[in-house]
Amino acid sequence: MTSVIVVDDNEDIVYSMSELLEFHGIDVIGKGSNGLDAVDLFNQLHPDVVLLDLMMPKYDGLYALKKIREIDPKSTVLIVTGGVASMSMNDKLTALKPTKILTKPFDVNVLVEMILEESKDEMPFKIQYAFNDDPKHYTCVLTYEQYKNFKKLPVVQECKIIKNDEENTEFREQEMQMALNLASRNDVSHIQKLSQLV
């Protein structure tokens, strides 16, 4: 399971983001309210991903990103911000090379996908999707790599991650891969058999 720390000076954002991530099966192992907290939490907990606000009082996200990069230059730090205040701040941010930058407000599915992409998590996930010209919605379990390929299929109209499905002991990766291969040739019959109607 992917581990993250969430750092933002707005307690409501930390709480709601943490709840949403936990719901999607991402393990929030630490929470902070400034850049100094971020550095301390990173040192203590060694998360897979750091979610970091940029503009915070006293110790901002630039401070945290700089210190975290000194500790581990390959660390995964996602900046989650309402915007960059100045060109000078933007230049400093660019020089520190955050892994990705996400601007608030954002779709939680985009954040979850970013975290999974950067952490290389291979846990199975439950997704919900619909085919073109089919009003029904289905669910199935895929690895993140399969999900990335699945949502690109021309027969899929919409697709989103519902939650981490580590409790699913019946996950059949090879069978689902075969279904994805057939779906890429517009044969959705096998994937429908492996899916559940919502």
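The structure contained in this document is the topic of the report that follows. (Residues numbered from 1 in each chain as written. Predicted model: local features only at pLDDT ≥ 70, side-chain atom pairs only at ≥ 80, totals over all residues. Heavy atoms only, no water.)

### Quick notes on the nonpolar core
And then number 1: Counting residues in each nonpolar core, the largest one holds 39 residues, and the members touching the most others are Leu 21, Leu 51, Ile 115, Ile 127, Tyr 129, Phe 150 and Ile 191.
And then number 2: Counting residues per element, this core draws most heavily on helix α5 (residues 108-119), at five residues.
And then number 3: Discounting chain neighbours no more than four positions away, the residues touching Tyr 129 are Lys 136, His 137, Tyr 138, Thr 139, Cys 140, Phe 150, Glu 158, Cys 159, Ile 191 and Ser 195.
And then number 4: Counting residues in each nonpolar core, the second largest holds 19 residues, with Leu 41, Phe 42, Val 50 and Leu 54 among its members. (Core = buried A, V, L, I, M, F, W, Y, C linked by side-chain atoms within 4.5 Å. Buried < 20%, exposed > 50% of the residue type's maximum accessible area, 1.4 Å probe, protein only. Helix = DSSP H or I, 4+ residues; strand = E, 2+ residues; numbered from the N terminus. Contact = heavy atoms within 4.5 Å.)

### Description of helix α2 (residues 35-45)
And then number 1: All of the buried residues in α2 are Gly 35, Ala 38, Val 39, Leu 41 and Phe 42. Buried residues along α2 cover an arc of 165° about the axis, so they all sit on one side.
And then number 2: Turning to α2, the residues buried within the fold contact β1 (3-7), β2 (27-32), β3 (49-52) and α3 (61-71).
And then number 3: Among the residues of α2, the N-terminal cap falls to Asn 34, whose side-chain oxygen and the backbone nitrogen of Leu 36 are separated by 2.9 Å.
And then number 4: Just past α2, the residue His 46 takes up positive phi, approximately 50°. (Arc of directions from axis to C-beta. Polar contact = N/O pair within 3.5 Å; in protein donor to acceptor, adjacent residues only side chain to side chain.)

### Describing the packing of aromatic side chains
And then number 1: A full pass over the atoms with the stated rule returns five aromatic pairs.
And then number 2: Note on Tyr 129 and Tyr 138: the rings are 5.7 Å apart at their centroids and 25° apart in plane angle, and the pair reads as stacked.
And then number 3: Judged by its relative accessible area of 8%, Tyr 138 falls in the buried class.
And then number 4: Taken together, a centroid distance of 5.7 Å and an interplanar angle of 55° make the contact between Phe 131 and Tyr 138 tilted.
And then number 5: Under the relative-accessibility criterion, Phe 131 is labelled buried at 4%.
And then number 6: Chaining the aromatic ring pairs together yields one cluster made of Tyr 129, Phe 131, Tyr 138 and Phe 150. (Phe/Tyr/Trp six-rings, centres within 6.5 Å; stacked < 30°, edge-to-face > 60°.)

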